[in-house]
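# What the coordinates show
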Amino acid sequence: MSESRSTGASYAAAGVDIEAGDRAVELMKEWVKKTQRPEVLGGLGGFAGLFDASALKRYERPLLASATDGVGTKVDIARQMGVYDTIGHDLVAMVMDDIVVCGAEPLFMTDYICVGKVYPERVAAIVKGIAEGCVLAGCALVGGETAEHPGLLGADDFDVAGAGTGVVEADRLLGADRIRKGDTVIAMASSGLHSNGYSLVRHVLLNTAGLSLDAEIADLGRTLGEELLEPTKIYSLDCLALTRTTEVHAFSHITGGGLAANLARVIPDGLHATVDRSTWTPGAIFDLVGRTGSVERLELEKTLNMGVGMMAIVPEESADAALTTLADRGVEAWVAGEITDRGDQETGAELVGDYAA
């Protein structure tokens, strides 16, 4: 009697390859292991990541800080270039540099990777980048999810998101209530565009101007694609080092909305932050976007970081020590502004002057 075979519908026929997903998990295990902290229990494969909270007993009043984010349309640059092992750095930076703004130490992170089709090596490369980013941020990657969505996404399409948790002692919480008149605003250089404003950048450079990602751009000193994929700088450990070596009142992570809008988020009522453009020169990529698209300066500044990825607000007498700490850690930083009385200005932040040539 011949063996009968089912001709009915199946998950595989619908486009979901469970075996490919299992293969991706095996490939990513070695990278996840590199992120482990002593507090992490177990490994990949469980339904939840475990973190030993007894480690928080050393805190008098531990406050947990959490954040979630994605990378935006920068993932499309990675897809077009076929480069998947850097986008994870961007994801960790977007999540953990938000967490460190309040002075919190990053503890652990989870990720979510959504793909049209699971190519195990690609998924593993994405996780490799996330794991490397977690090492740079000092946190553990305790778990995640890879979801295959055939029919909703093209075979080469993907997106990434993540969530993170950190901890800070309650009486060391940083923020607007610590800021005082006369404080100094210190800028930390970005590594490029980071992970914001790519809808504008892609519209101007790729869609309208028709530039190719493999075009060599003299002002950039490399191809356009290489510049656009430059990973977001992760400042978490640098910021924590500042809090250990000198007094810090607040940090501001310069992400979507630009420098002034993000800095304004930590300025208390009655005070105003003034940032002097003449203290730095934005990188060539910002000028390229502005010139190519005839984008007005204020529009650029509302969309892109203009060369500043993180800002620290410190007492004036702590500025030199802060700059020394950052220099010792290889972070380019400078005094960019100050905190003043509001006067006839609205509470918030503004950029003044012209950028240095």
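Everything discussed here concerns the structure shown above.
About the cut-offs
Residues numbered from 1 in each chain as written. Predicted model: local features only at pLDDT ≥ 70, side-chain atom pairs only at ≥ 80, totals over all residues. Heavy atoms only, no water. Helix = DSSP H or I, 4+ residues; strand = E, 2+ residues; numbered from the N terminus. Buried < 20%, exposed > 50% of the residue type's maximum accessible area, 1.4 Å probe, protein only. Contact = heavy atoms within 4.5 Å. Pairing = 2+ DSSP bridges. Axes fitted to C-alpha atoms, helices over the stretch in contact; angles between N-to-C directions. Parallel < 35°, antiparallel > 145°, perpendicular 65-115°, else oblique. Left-handed = near helix turned anticlockwise from the far one by under 90°. Nonpolar A, V, L, I, M, F, W, Y, C, P; charged D, E, K, R; others polar.

## As for the overall build of the chain
On a plain count of helices and strands, the chain comes out with 11 helices and 14 strands. In the chain, which comprises 357 residues, the proportion classed as buried is 50%. A sequence separation of at least 24 residues applies to 86% of the contacts in the chain between residues at least 6 apart.

## Topic: helix H2 (residues 74-81)
Among the residues of H2, Lys 74, Val 75, Asp 76, Ile 77 and Ala 78 are the ones counted as buried. On its buried face, H2 is in contact with helix H3 (87-99), strand E6 (158-169), helix H5 (198-208) and helix H6 (224-228). Note on H2: the residue one or two positions beyond its end, Gly 82, has a positive phi of about 70°.

## Some words on the sheet that holds E6
As summarised here, the arrangement of the four strands in space is E3-E6-E4-E5, forming an open sheet in which the pairing is mixed. Each edge of the open sheet is held by one strand with a lone partner, namely strand E3 (62-70) and strand E5 (140-148). Sheet twist, expressed as the average angle between the axes of neighbouring strands with direction ignored, equals 15°. Here strand E4 (residues 105-115) pairs with E6 via 10 bridges, running antiparallel. Counterpart to Met 109 in the pairing with E6 is Gly 164.

## Focus on the packing of H3 against helix H4 (residues 120-137)
As a packed pair, H3 and H4 sit with axes 6 Å apart at the nearest point and diverge in direction by 40°. Considering their axes alone, H3 and H4 lie oblique with respect to each other. For the pair H3 and H4, the crossing hand works out as right-handed. Contacts from Ile 87, Gly 88, His 89, Leu 91, Val 92 and Met 96 of H3 reach H4 at Ile 126, Gly 129, Ile 130, Glu 132, Gly 133, Cys 134, Leu 136 and Ala 137. For the contact of H3 with H4, the residue count by class is nine nonpolar, four polar and one charged.

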